[in-house]
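Geometric and topological summary
Letter by letter, the chains look like this.
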Amino acid sequence: MFKKILIANRGEIALRVLRACRELGVKTVAVHSDVDARALHVRFADEAVCIGPAPASKSYLNIPAIISAAEITAADAIHPGYGFLSENAEFARICAKCNITFIGPTPEAMRAWGDKVTARKNAARFGLPLLSGSTVLESAEHAAREAKRIGYPVILKASGGGGGRGMRIVRGDAEMPDAFAQARHEAETGFKNPDVYCEKLIERPRHIEFQVFADNHGGVWTFGERECSLQRRHQKVIEEAPSPAITPEKRQEMGEVIRKAVRETGYTSLGTLEFLMDEKKDLYFLEMNTRVQVEHPVTEMVTGLDLVSLQIRAAAGEKVDLPDTRPWSFRGHAIECRINAEDPKTFAPWPGLITEYHPPGGAGVRVDSGVYGGWRVPADYDSLLAKLIAHAPTRAEAIIRMRRALDEFIVTGIRTNIELHKALLADREVIEGTMTTRTVERVTGKGH
Ligand code: MV4
């Protein structure tokens, strides 16, 4: 096991990693920007190093400062959390060169899955179900030919993109020249890679993702799926496990296909495979996230596993001893609400001083947060204040428990999206479990 892990992140995920380290008997180093000097992750760590001013580009994304902090403190590994440097293959390569273990997959695996056209090729080769689509499109004429073959409507995507940025829907030949030019331009400026490909469009998809884990000794596990359809502008709002749209048979079938693909590509560490589900409930592979995800707690609640601990143990080269490689047996249902500091009307971030903070508790309630009463939420980072997770024997009971917990949550001084969560958990589609990626937009009203 490692002696000391540097956590290259902030907020709730830095605390989450700290907690796993404590239980594994590993010393911790927090890094922080100027505005985070009094943050909880700094107070809970064994050591802390200031790595720069508030802007992330000067601190949490500052590779030389983070590597120096690891060298000064003699940390033997770096956990990147999510966001920031977590999917930066170059950072993983630099860590290895400096004899520091990057807690995640190899730089080669990060590159292979990070490029969407390469990921599609891998997925096709190893039997993951794919939407009809193209490889890299060379011109608007080439794009129109491919779109005709696939059948309109199609969606243009950036190969270097992900998370929904730089996508363009195209419904016919007439729209293609402009759409192609715009998609290419956005890809070039946004991701420094002009490569664009296209796919058959699914109009009202559900977003479902599968959790995988692999150690360095050939052990590969899938821990079922998470339902992530409740999103706004590509930001997830509520996630749950299991998905109400997945039967045990489908979970078993997907688990087998995914484990085979993961094994044959030599992938290691935690990973998440994102799928779209169409009206026929068929699943299609979209992309793979090579990091721990924000919503990992819902999987932890229904499996009883500590995914971050498993990720650290695998990175340390441990042969992980889980009972078998069949899909995990699930206990009950878990829902997560992302509590953000934001304007309830405009959804704009609402940084500022938290005057009072009282998180809910009681049976089946978990809160992962990095804030406290008296903490000033900086304007420089994302607006996630806390993840509220409710676990109960059934989905209906988990919804009731979540409503109860939301009613108990006290945050004053700033505004939050707690009322949005209450509205979503009172919505018919959400209650019935038939939500799609359009549901949040409908509940919040078209104005936004
Ligand atoms: C799509 C799609 C429809 N058809 N691909 C958005 C995130 C990125 N990973 C892929 N995304 C989409 N890809 C095809 N072929 C619709 C979306 C999409 C979406 C996906 C998941 C969750 C929310 C979404 C919101 C709008 C669009």
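Anything mentioned here points back to the structure above.
Within any chain, residue numbers begin from 1 and follow the written order of that chain's sequence. With the structure being a predicted model, the display of local features is reserved for residues of pLDDT at least 70 and the display and counting of side-chain atom pairs for 80 or more, all residues being used for whole-chain, interface and lining totals. Values shown for side chains rest on all heavy atoms present in the structure; no hydrogens or waters enter the calculation.

1. Overview of the overall build of the protein
For helices the rule is a DSSP run of H or I covering at least 4 residues; for strands it is a run of E covering at least 2, with both sets numbered from the N terminus onward. Helices and strands together make up the secondary structure of the protein, namely 15 helices and 20 strands. Against the compact-globule benchmark of 22 Å for 448 residues, the protein has a radius of gyration of 22 Å, which places it among compact chains. Taking the principal axes of the C-alpha coordinates as reference, the protein spans close to 60 × 50 × 45 Å. For the protein, the residues scored as buried account for 59% of the 448 residues in total. Contacts were defined at the residue level, with two residues in contact if any of their heavy atoms lie within 4.5 Å. Put simply, 66% of the contacts in the protein that link residues at least 6 apart link residues at least 24 apart. Using the Shrake-Rupley algorithm and a 1.4 Å probe, accessible areas are obtained, with residue cover drawn only from the displayed protein chains. Approximately 18,400 Å² of the protein is accessible, and the part contributed by carbon and sulfur atoms is 51%. Each radius of gyration reported is based on C-alpha atoms, and the globular scaling rule is 2.2 Å times the count of residues to the power 0.38. Exposure classes here rest on a 1.4 Å probe applied to the protein chains alone. A residue is buried below 20% of its type maximum, exposed above 50%, and partly exposed in between.

2. Brief notes about the sheet that holds strand E7 (residues 168-170)
DSSP bridges decide pairing: two strands pair if at least two such bridges lie between them. Here 3 strands make up an open sheet; going across it, the order is E7-E6-E8 and the pairing antiparallel. Unpaired on one side and paired on the other, E7 and strand E8 (196-200) mark the two borders of the sheet. Direction aside, neighbouring strands of the sheet carry axes that sit 30° apart on average. Pairing of strand E6 (residues 154-158) with E8 involves 5 bridges; the strand directions are antiparallel. The partner of Ile155 across the bridge, within E8, is Glu199. A fitted line through C-alpha atoms serves as each axis, taken over the contacting stretch for helices, and the angle formed by two N-to-C directions is quoted from 0 to 180°.

3. So, the nonpolar core
Grouped together as the largest cluster of nonpolar side chains are 39 residues, with contacts concentrated most on Ile354 and Leu385. The set of elements that each furnish at least two residues to this core consists of helix H2 (40-44), strand E11 (235-241), strand E14 (333-340), strand E19 (384-392), helix H12 (395-408) and helix H13 (418-424). Among all residues touching Leu385, those that are not within four sequence positions of it are Ile339, Asn340, Ala341, Ile354, Ser369, Gly370, Val371, Val377, Val411, Ile414 and Thr416. We define the nonpolar core as a collection of buried residues of types Ala, Val, Leu, Ile, Met, Phe, Trp, Tyr and Cys that are connected through side-chain atoms lying within 4.5 Å of one another. One finds Val17, Val26, Leu270 and Ala314 within the second-largest nonpolar core, a separate group that totals 30 residues.

4. Re the site of the ligand
Near the ligand lie 18 residues; those nearest to it are Lys157, Glu199, Lys200, Ile202 and Glu287. In this structure, a nitrogen atom belonging to the ligand sits 2.9 Å away from a side-chain N or O atom of Lys157. Polar contacts, as counted here, are pairs of nitrogen or oxygen atoms within 3.5 Å of one another; within protein the pair requires one atom able to donate a hydrogen and one able to accept it, and residues that are adjacent in sequence qualify only if both atoms are side-chain atoms. Ile202 places a polar main-chain atom, nitrogen or oxygen, 2.9 Å from a nitrogen atom of the ligand. Summarising the interface, the protein chains cover 88% of the accessible area of the ligand, which totals 520 Å² for the free molecule. Only E6, E8, strand E12 (269-277) and strand E13 (283-289) provide two or more residues apiece to the shell around the ligand. The nonpolar class holds Ala, Val, Leu, Ile, Met, Phe, Trp, Tyr, Cys and Pro. Asp, Glu, Lys and Arg form the charged class, and all remaining residues, Gly among them, are polar. Class assignment of the residues belonging to the shell around the ligand gives a composition of 7 nonpolar, 6 polar and 5 charged. We call a residue near a molecule or strand when any one of its heavy atoms sits within 4 Å of it.

5. Examining the packing of helix H4 (residues 89-97) against helix H5 (residues 107-114)
Two packed helices can be described by the angle between their axes and the distance between those axes. Axis separation between H4 and H5 bottoms out at 8 Å; the angle between their running directions is 175°. As far as their axial angle goes, H5 and H4 are roughly antiparallel. In this structure, H4 uses Ala89, Glu90, Ala92 and Arg93 to contact H5, whose residues at the interface are Pro107, Met110 and Arg111. Here the residues of the contact of H4 with H5 sort into 4 nonpolar, no polar and 3 charged. To sort the angles, those under 35 degrees are grouped as roughly parallel, those over 145 as roughly antiparallel, those from 65 to 115 as roughly perpendicular, and the leftovers as oblique.

6. Digging into the environment of Pro105
Structurally, Pro105 can be placed in the loop between strand E5 (101-102) and H5. Residue classification places Pro105 among the buried positions, given a relative accessible area of 3%. Spatially, the C-alpha atom of Pro105 lies 5.4 Å from that of Ser269, the residues being 164 residues apart in sequence. When sequence neighbours within four positions are dropped, the list of residues in contact with Pro105 reads Met110, Tyr267, Thr268, Ser269 and Thr290.

So, to be careful, I would describe these as geometric facts and stop short of saying anything about function.
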